[in-house]
Amino acid sequence: MSTERKNSPVMLDVKDITVAYGAITAVKGLTLSVREGEIVTLIGSNGAGKSTTLRTISGLLHPKNGSIEFKGEVISGKPGHEIVKLGICQSPEGRRIFPRMTVDENLDLGAFLRKDTAGIKESREQVLDLFPRLRERITQRAGTMSGGEQQMLAVARAMMGQPKLLILDEPSMGLAPVLVDLIFETIQKIREQGTTILLVEQNALAALRIADYAYVLESGHLKLEGNAKQLSTDPAIAKAYLGG
Amino acid sequence: MASTTASAPRASVNVGKLLTRVSMLMLGIVVVYWLGRNLISSPAQFFTVGITGLSNGALYALIALGYTLVYGIIELINFAHGDLFMLGAVFSYFFLTKFLAAEGGSARNYGLLALTLVIAMAFCATINVVIERLAYRRLRDAPKLAPLITAVGMSFILQFIGLKWNGSAPRNFTTILPNTSFEFQGVVVPYTALIVVSLTIPLLVILVTLVNKTRQGRAMRATAQDKDAARLMGIDVNKTISFTFALGGAMAGAAGLMFAQSYGTVAYNLGFQLGLIAFTSAVLGGVGNLNGAVLGGFLIGLIQGFNDGLPFGPGQKWSQTMVFTILILLMVYRPAGLLGKATTEKV
């Protein structure tokens, strides 16, 4: 399998992590990395450990073994809010927007750690330009919006933190096909604006199309990795993971 | 939360709804008749007891806020909260009356009273933060029953501290606030009621503004709705929960001082009765809802006041019965409380 990839410095370095929920081990000895400016995707079937990996990177879970480094600094073991401070923002699985707050308040919370009022305003305009639908709903309670709108809000909220690394967990989950295309286009736009992206997707084919590099997980293990374009054309992969 | 009629068979839905309407209407008529008759026959007394009710209601509201803040953020009924209020009352007696020897209303003593208000608030805030840190934090992910029982245990511990500190008998003392009153158009207004209400209202306004308008308040509301999502925003969830306990504790401390200075007595078992009533206020208003706790507190204060003091009515012996009958009726027909919303959220 080809391992050719971008020559930029490694941003996120996950080294041999094992993560368990009580007695159940969800991720076993996983190693992966994300380089600056890349879109890296993590694919695999349900229960492969994708979301667990992302939650561990964001500090909501802590690895039993192994370590995670971000820009050379060890972050495994740090509490979640400190990891956000370093520039890792996540749009989590299941959206997890604040349902009893307005769209505006949700966006404000995305920028919770930022103090630059002018910059926050600018980011707000930027994400509202990306998702004009949210501008229409700006004073609406987030919990009363449709699933697609909530998903856009979750991505927009994560972007409000001006992340160096943006983690997206199933951003196309439950969306109408038109919106799925929109989300994937948006992800590429975000990268063009200079943000590195780690993406978990059920829609593996679409993810491989926009990604530079991909990791395939199977029941908590790394099954294989490689250049995303090549993986997407590999017939064995297509058969096993892409429903081809 | 499912609506109460959702699972009932179709045919009985309308009958049930009709019955609810009719019984609520009848209850309303009885209450209006009761209050109206008293208002017409003895208006001065009506307002006099109303003012007493408001003053007690202010104390209930302050304590109820502590229950509702903590419930709102970690879904725990903090049974120790009433006893925290008691410690606030005992502390202010020992600090103000014994240590600072402030008895009777001189200018110096009013200054010391203001100082004690701040110190009592800080005292109870600290205790509440320590309780959360030592007892509740490590049980945050445990089954709900574990922190609940811990809270009951904490209540006994605080009560025992109060017993050791204050002794088993109530202590009576001379307050700084005058226990006299003035008359206005036949309505008797105790000075203490005036002071309690005018101290409580700014505290309530500050608290509600803090929660709704500030960055820290935003962190509290986010933490209450979804702790993991709050972490992903960069919110320090532990610190935010500590801050919430501090706020609730501060309100209990203020209530403790005001109680001690209104009644001139403190006892180690104050927390049980008042805590229960305040908890009831929080539930009546919709637990987890700040405005609801305040509304519930004032409502129960007024109900008690009217019931105890009006010439035509069931009288003081029925005070608790009245309060809890109203609570039960409300819970049956509006389980989320007066201002609580049965939220429907999309998943």
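See the structure above.
Below you will find a few notes about this structure. (Residues numbered from 1 in each chain as written. Chains lettered and ligands numbered in written order. Predicted model: local features only at pLDDT ≥ 70, side-chain atom pairs only at ≥ 80, totals over all residues. Heavy atoms only, no water.)

### A look at the overall build of chain B
Broken down by element type, chain B carries 12 helices and 4 strands. The C-alpha radius of gyration computed for chain B amounts to 21 Å, which stays within 12% of the reference 20 Å derived for 347 residues, consistent with globular compactness. Overall, the C-alpha framework of chain B stretches about 70 × 60 × 40 Å when taken along its three principal axes. The 347 residues of chain B split such that 48% are buried. Sequence-distant contacts, at least 24 apart, represent 76% of the contacts inside chain B between residues at least 6 apart. Between the mean site of the 24 positive side-chain charges and the mean site of the 11 negative ones, chain B shows a separation of 3 Å. (Helix = DSSP H or I, 4+ residues; strand = E, 2+ residues; numbered from the N terminus. Rg over C-alpha atoms; globule rule 2.2 N^0.38 Å. Buried < 20%, exposed > 50% of the residue type's maximum accessible area, 1.4 Å probe, protein only. Contact = heavy atoms within 4.5 Å. Lys, Arg positive; Asp, Glu negative; His and termini not counted. Charge placed at Lys NZ, Arg CZ, Asp CG, Glu CD.)

### Side note on the packing of aromatic side chains
We describe a pair of aromatic rings using the distance from one ring centre to the other and the angle between the two ring planes. Residues and elements named next belong to chain B. Summed over all chains, the structure comprises 18 aromatic pairs over all chains. Aromatic side chains F85 and F259 sit 5.7 Å apart centroid to centroid with 85° between the ring planes, which places their arrangement in the edge-to-face category. Remark: F259 occurs in helix α9 (residues 237-263) and F85 occurs in helix α3 (residues 81-99); sequence separation between them is 174 residues. Between the aromatic rings of F91 and F123, the centroid separation amounts to 4.2 Å while the plane-to-plane angle is 15°, which identifies the pairing as stacked. (Phe/Tyr/Trp six-rings, centres within 6.5 Å; stacked < 30°, edge-to-face > 60°.)

### What about the sheet that holds strand β2 (residues 24-35) of chain A?
All names here are of chain A. Spatially, 4 strands are ordered β2-β1-β4-β5 in an open sheet, and the strand pairing comes out antiparallel. Two strands bound the open sheet, and with one partner strand each, they are β2 and β5 (73-74). As defined by bridge partners, strand β1 (residues 10-21) adjoins strand β4 (residues 65-70) across 5 bridges and the pair is classed as antiparallel. Note that in β4 the partner of L12 across the bridge is F70. (Pairing = 2+ DSSP bridges.)

### A closer look at the pairing of strand β6 (residues 88-91) of chain A
Residues and elements named next belong to chain A. Both faces of β6 are covered, namely the face carrying I88 and Q90 and the face carrying C89 and S91. With 4 bridges connecting them, β6 and strand β7 (residues 165-169) associate as parallel partners. Residue pairing across strands places Q90 opposite I167, the latter belonging to β7.

### A short note on the interface of chain B and chain A
One frequent convention defines the size of an interface as the accessible area lost when the parts assemble. Contact with chain B, which involves 20 residues of that partner, is made by 27 residues of chain A. Counting each side, the surface lost to burial between chain B and chain A is near 2400 Å², with a carbon and sulfur contribution of 58%. Looking at the side of chain B facing chain A, the largest losses of area belong to B:Q225, B:L232 and B:M233, adding up to 32% of the total buried there. Ionic pairing is found between A:E105 and B:R221, a salt bridge with its closest N-O pair at 3.0 Å. Along the contact surface separating chain B from chain A lie 6 residue pairs in polar contact (both at pLDDT 80 or more). At the level of elements, α7 (215-225) and α8 (227-232) of chain B are the ones that each hand at least two residues to the side of chain B that touches chain A. Take the side of chain B that touches chain A: its biggest share by element is 6 residues, from α7(B). Split into classes, the residues belonging to the side of chain B that touches chain A amount to 8 nonpolar, 3 polar and 9 charged. (Buried area = accessible area lost by both parts, 1.4 Å probe. Salt bridge = Lys/Arg side-chain N within 4 Å of Asp/Glu carboxyl O. Polar contact = N/O pair within 3.5 Å; in protein donor to acceptor, adjacent residues only side chain to side chain. Nonpolar A, V, L, I, M, F, W, Y, C, P; charged D, E, K, R; others polar.)

### Section: the nonpolar core
With 94 residues, the main nonpolar core has A:L109, B:L62, B:F85, B:L96, B:Y136 and B:I235 as its most contacted residues. Counting residues in each nonpolar core, the second largest holds 46 residues, with A:A154, A:A158, A:L166 and A:L168 among its members. (Core = buried A, V, L, I, M, F, W, Y, C linked by side-chain atoms within 4.5 Å.)

### Some details on the sheet that holds strand β9 (residues 213-218) of chain A
All names here are of chain A. Read from one edge of the open sheet, 6 strands run β6-β7-β8-β3-β9-β10, paired in mixed fashion. Among the strands making up the open sheet, the edge pair consists of β6 and β10 (221-227). Pairwise comparison of adjacent strand axes, ignoring direction, gives a mean angle of 15° for this sheet. Sheet topology places strand β3 (residues 39-43) next to β9; 4 bridges connect them, and they run parallel. Of the residues in β9, the one forming a bridge with T41 is A214. Docked against the sheet, helix α6 (residues 147-159) engages β6 and β7, running at close to 175° with respect to β6. (Axes fitted to C-alpha atoms, helices over the stretch in contact; angles between N-to-C directions.)

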